[in-house]
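This is what each chain is made of:
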Amino acid sequence: MTDWNAYRAHLGESIGAFATLSPGTLKGLQTLDRAGAETGHLDAKTRELIALAVAVTTRCDGCISVHSAAAVKAGATKAEIAEALGVAVALNAGAAAVYSSRVLDAVDTLKP
């Protein structure tokens, strides 16, 4: 089991060191991270619920750690988080079905 609080603190240190070595990369990430919030179309809680669903689909432990804390801070309940995760699970299964059909299409183009 991961100590998510310690992991999140470690990420802050590690990413800080990376930012020293490649400041433009981190600046670009921060720009992307803030861009959605600037429009004001979605509230912080909704953005964090989406971030958690994406974190699951991309299998990013760092994203899970950071966005779990941000979602709770933004007022997301465990039930709301679970519903967002349910969407991620459904899309992953759906994506697997879609890409399975792509594999079959690719196989159909091959000569036996």
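Residues numbered from 1 in each chain as written. Predicted model: local features only at pLDDT ≥ 70, side-chain atom pairs only at ≥ 80, totals over all residues. Heavy atoms only, no water.

- Under an unreviewed UniProt entry, the name given to the chain is Alkylhydroperoxidase, and the source organism is Komagataeibacter sucrofermentans.

**Notes on the packing of helix 1 (residues 4-21) against helix 2 (residues 23-39)**
Now for step 1: Interhelical geometry of helix 1 versus helix 2 gives an angle of 120° and a closest axis separation of 5 Å. It follows that helix 1 is oblique to helix 2 by the angle criterion. Contact residues: helix 1 offers I15, F18, A19, T20 and L21, while helix 2 offers P23, T25 and L26.
Now for step 2: Partitioned by chemical class, the residues of the contact of helix 1 with helix 2 number 6 nonpolar, 2 polar and no charged. (Axes fitted to C-alpha atoms, helices over the stretch in contact; angles between N-to-C directions. Helix = DSSP H or I, 4+ residues; strand = E, 2+ residues; numbered from the N terminus. Parallel < 35°, antiparallel > 145°, perpendicular 65-115°, else oblique. Contact = heavy atoms within 4.5 Å. Nonpolar A, V, L, I, M, F, W, Y, C, P; charged D, E, K, R; others polar.)

**Regarding a nonpolar patch on the surface**
Now for step 1: On the surface, L42, I50 and V54 cluster together into a nonpolar patch covering about 240 Å² of accessible area.
Now for step 2: Here L42 lies in the loop between helix 2 and helix 3 (44-58).
Now for step 3: For L42, a relative accessible area of 41% puts it in the partly exposed group. (Patch = residues over 30% accessible without salt bridge, like charges linked within 9 Å, V, L, I, M, F, W, Y side chains within 5 Å. Areas by Shrake-Rupley, 256 points an atom, 1.4 Å probe, with all protein chains shown as cover. Salt bridge = Lys/Arg side-chain N within 4 Å of Asp/Glu carboxyl O. Buried < 20%, exposed > 50% of the residue type's maximum accessible area, 1.4 Å probe, protein only.)

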